[in-house]
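Structural features, examined
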Amino acid sequence: MAVAAAAQALPNPLTEGLERLPVPPTTLSIFGATGDLARRKLLPALYNLAHEGALPQRFNLIGIARKEMSDEEFRGFAREAITSFSRRRPDPQVLEELLGRLRYVGFGFGDQDGYPKLKAAIEALDADAGMLLNRVHYLSTAPGYFGTIMESLKAADMNWHADVDVRVIVEKPFGSDLASARELQAVVSAAFREQQVFRIDHYLGKETVQNVLAFRFANFLFEPVWNRNYIDHVQITAAEDLGIGSRAGYYDASGALRDLVQNHMLQLLTLLCMEPPTSFDADKVRDEKVKVLDAIRPLRPDEVARNTVRGQYLAGAIGGEDVPGYLEEDGVPADSGTETYAALRLEVNNWRWAGVPIFLRTGKRLARKVTEIAVQLKPVPHMAFQDDGAVGVRPNQLVLTVQPNEGVSISMGAKVPGTRMSIRPVNMEFLYGTTFMSQSPEAYERLITDAMRGDATLFTRNDEVDAQWSIIDPILSAWHASEAPPEPYEAGSEGPPEADALLGAGRSWRTL
Amino acid sequence: MSDDVWYAQGTTPPAIESALRDLLADRHRRSAAFVPARVLNLVTIVDHEFTGEVENRLDDLRESNPSRLILCKVRKGQQSLDAIASIGSEGDEPVPGTVAVGREKIELTMAPRHVEALDTIVGPLVVGDLPTVVWAPHGYPEGVDALRRHAQVVLLDSQDEPGVQDALLRAQSLSEHLQVVDLAWLRSAPWRERVAASFDPPELRRALGSIVGVTVRHRYDSAAAGLLFCGWLASRLGWRASSLTADHGNRRGRLRARRGEVAVKLDAVELRSPGLGGVTIEAASGESVSLDRAPGGLRSVRRAGDGTEQTWTVLGASRGEVGILADGVRNALLHDELYQPSLRAAQAMSA
């Protein structure tokens with residue numbers, strides 16, 4: 001395979017020390033190229049990479065969708081997408097040059113006659129370039145097509161190449177439960193080797209998520225307290241103030257647990273709890289993440305009710321405006337039992353974390369949009385200020401905010417000016433926006449480049465997906481078996497009151 | 001939100017610092033969302049009469065603007081130290097849940113005699129624990145030298161010096177005490193990345209060991225960028241750098257490589273903006289790679305040993321001079337391990 005050949009190649013001394021490493025010549029095929037993700041994220045990300053000179057020197061893009069359209073029509077579609085959604089105003093010359101690299105091949109993903117057409121288009125681009133280009137297939141389609149496309153790529157002999165690398169990028173969700181994920185993995189494994197597969201969880205492309213690793217492993221200050229001896233509990237929150245928008249079809253079949261917990265929130269949990277890898281090699285990092293997931297014992301059916309809460313929003317108000325309840329949203333069945341809120345209590349049963357509860361909560365139409373990890377330390381063992389101002393003493397809390405105010409804050413007790421020894425919590429804050437000048441790239445810009453370079457560090461490995469579903473599956477099954485409806489909560493609120501009981505005595509959720 | 005401003009004639013650094021602190025406290029009282037940026041201190045020393053041009057360049061930086069800008073305007077005939085301190089943020093009052101990133105600016109109008117003792121004026125005004133960067137686009141080496149105690153980084157443009165040899169010597173001398181960020185070096189950055197990428201396919205890497213010729217086309221005033229680019233190639237590929245012969249702005253010479261010699265040519269050409277305009281690298285086999293400025297990026301021409309050619313465009317937008325300065329400010333926070341060896345080789349070629 002080309003991977004092995006590249007490994008034996010002479011080193012390139014010119015790349016050492018460069019801020020931006022070269023990306024191998026590539027033809028990127030996007031399945032679902034006229035879909036919403038491609039329009040809002042992928043095409044603008046590719047433009048931004050082109051603008052910054054970060055695309056491969058030889059780069060082509062082939063759009064694939066069922067709709068018939070010409071190359072020119074696809075370029076028009078891409079131009080509109082980039083102009084509307086790029087994070088910077090496009091440079092007309094760069095945009096035109098990029099659009100010149102776009103081709104379109106129209107066929108249904110199940111149509112076996114379409115794949116030879118795609119193969120011919122890729123080979124024609126090789127011929128134009130006078131060299132063989134790596135192939136990256138990006139599956140930006142409904143999940144139901146993943147297996148079909150993989151099998152078809154294999155049937156058309158497009159899943160490997162003797163002389164160049166062939167990779168496939170798979171969007172989430174990878175399966176809808178453990179069984180379907182394993183079924184899909186069987187199809188993937190029959191067509192591609194694991195090192196060819198790049199499962200996207202775009203959270204991992206976010207600078208602030210990667211900063212969790214920097215925060216933990218580039219600072220000696222926190223490591224001594226990063227364990228069960230000092231940490232009381234952890235709260236991971238991914239709250240949204242928006243409803244489901246136009247995604248009723250997808251969301252009602254998915255729900256909050258599948259939509260955010262199985263992937264993004266468990267990623268945050270693993271980054272927070274993993275042991276330091278010996279190096280930042282893709283597999284070394286992912287080995288450590290999998291160990292964390294393996295250390296989370298899946299809940300037994302009889303444990304689900306007291307360790308989880310599911311909710312569904314009722315009508316309420318957000319930002320002073322009335323908003324409908326979930327069941328009144330367009331496209332949602334009137335009797336839907338889908339959860340729009342999920343809260344979980346998990347434990348990582350290993351030497352470092354045993355006995356530290358980790359609480360996860362996510363929901364739609366909550367009071368505020370925020371994604372954060374809050375680590376609450378234990379209280380001080382003895383209160384010297386008992387008589388004079390102990391009321392203000394709170395355990396230290398360390399909060400890593402992923403969005404919207406990206407940063408890290410640490411709360412600590414400080415003396416209130418005056419004659420008494422009164423204590424009040426104050427915050428020490430680091431805000432990304434005030435401390436770095438450069439604009440963060442969009443997650444997809446980083447992830448697409450990494451996939452083209454073959455760096456899988458920020459992608460989810462097969463065993464990671466399996467371990468994620470192993471944790472989530474029993475909860476899904478128990479909820480499915482339960483006849484109780486989700487707990488109602490008012491839109492614009494903090495979520496269902498039942499979630500408070502999950503935390504146990506003396507603890508409370510951070511206010512949204 | 002409009003800026004809050006304080007002004008005084010014949011003032012002192014402690015008074016300025018105190019006034020700025022009051023402005024910040026007052027602003028924060030009015031809006032808890034106001035959070036001053038804490039990236040770096042940029043101390044800029046300029047001729048009073050050319051302040052506008054420099055201020056325009058700094059204004060264009062937008063989000064790359066340094067958090068505390070200390071603009072030292074040197075005016076002939078000035079006796080006192082006058083100051084304007086201002087704080088502000090971009091845009092309107094932030095929406096709830098977000099912050100307004102604030103920036104501070106101190107404009108000092110001073111006498112030429114103040115420049116040699118600039119450390120005693122600027123020292124109390126920088127934010128402690130943040131990197132301090134000095135930029136003196138109109139000369140004033142004595143001001144830069146005076147600030148060596150407070151600054152960690154000096155931003156310079158070797159292109160601004162009348163002679164490239166002196167410019168590189170000055171950069172070398174400063175780099176013994178400070179981190180140097182040279183805009184001339186940054187102008188060559190995309191060329192370095194693209195040349196590295198041109199030879200990155202495994203089957204092409206072998207050609208790096210048999211390079212026999214390098215031609216760099218640069219604007220007439222950008223010899224420093226050209227020499228630094230060649231210095232980078234020499235240091236990365238193990239060529240022994242030696243003096244090139246200068247003739248009417250062009251330079252010629254031969255460098256010793258492991259397997260023979262490399263003919264190096266720097267040609268001054270007409271270009272609209274500073275920096276490099278093109279690079280050609282030739283191998284002993286007759287193969288060559290050329291990159292030249294073109295609409296939408298760089299035009300790449302690869303010639304095979306049999307003379308056949310392939311042409312394509314390497315995509316990328318020009319950063320322009322604003323982008324170069326923004327990169328300079330940003331690079332003040334990074335360590336560039338390639339610059340020093342490239343500078344040493346460039347210096348040897350310019351001698």
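Please read all numbers here as calculations on a predicted model, not as lab measurements.

A few points about the overall build of chain B
Within chain B, the regular secondary structure consists of twelve helices and 17 strands. Overall size of chain B, expressed as C-alpha extent along the three principal axes, is 75 × 50 × 35 Å. Residue burial in chain B is summarised as follows: out of 351 residues, 45% are buried. Pairs at least 24 apart in sequence give 70% of the contacts found in chain B among residues at least 6 apart.

Re the domain arrangement of chain B
Residues and elements named next belong to chain B. If you check the domain split of chain B, you get domain 1 (4-151) and domain 2 (187-350). The centre of domain 1, based on its C-alpha atoms, is set 37 Å off from the matching centre of domain 2. With nine residues of domain 1 at the interface, the matching set in domain 2 holds seven residues. The class makeup of the residues in the side of domain 1 that touches domain 2 is six nonpolar, one polar and two charged.

Let's talk about the interface of chain B and chain A
At the junction of the two partners, chain B supplies 42 residues and chain A supplies 38 residues. Counted by class, the side of chain B that touches chain A contains 22 nonpolar, ten polar and ten charged residues.

Regarding the sheet that holds strand S3 (residues 102-106) of chain A
Residues and elements named next belong to chain A. Ordered in space as S3-S2-S1-S4-S5-S6, the six strands form an open sheet in which the pairing is parallel. In this open sheet, the two strands that pair with only one neighbour each are S3 and strand S6 (197-199). In this sheet, neighbouring strand axes are inclined to one another by 20 degrees on average, regardless of whether the strands run parallel or antiparallel. Note: strand S5 (residues 166-170) against S6, three bridges, orientation parallel. Bridging from a neighbouring strand, Ile 169 pairs with Phe 198 of S6.

Points about the nonpolar core
Core analysis: the biggest nonpolar cluster contains 234 residues, and Val 261 of chain A together with Val 134, Leu 228 and Cys 230 of chain B have the highest contact counts within it. No other element matches helix H9 (residues 248-273) of chain A, which puts eleven residues into this core. Contacts of Val 261 of chain A, omitting those with residues within four sequence positions, involve Ala 256, Leu 266, Ala 342, Leu 344, Leu 360, Thr 362 and Ile 472 of chain A.

A look at the domain arrangement of chain A
Residues and elements named next belong to chain A. Each domain of chain A was delimited in the assignment, giving domain 1 (2-171) and domain 2 (205-497). Between domain 1 and domain 2, the C-alpha centre-to-centre distance is 33 Å. Breaking the side of domain 1 that touches domain 2 down by element, the ones donating at least two residues are helix H2 (36-51) and S5. Here the side of domain 1 that touches domain 2 gets six residues from one element, more than from any other, and that element is H2. In terms of residue class, the side of domain 1 that touches domain 2 is made up of eleven nonpolar, two polar and four charged.

Thresholds applied
- Residues numbered from 1 in each chain as written.
- Chains lettered and ligands numbered in written order.
- Predicted model: local features only at pLDDT ≥ 70, side-chain atom pairs only at ≥ 80, totals over all residues.
- Helix = DSSP H or I, 4+ residues; strand = E, 2+ residues; numbered from the N terminus.
- Buried ≥ 20, exposed ≤ 12 C-beta atoms within 10 Å, placed from the backbone.
- Contact = placed C-beta atoms within 7 Å.
- Domains from an automatic or database assignment.
- Nonpolar A, V, L, I, M, F, W, Y, C, P; charged D, E, K, R; others polar.
- Pairing = 2+ DSSP bridges.
- Axes fitted to C-alpha atoms, helices over the stretch in contact; angles between N-to-C directions.
- Core = buried A, V, L, I, M, F, W, Y, C linked by C-beta atoms within 7 Å.

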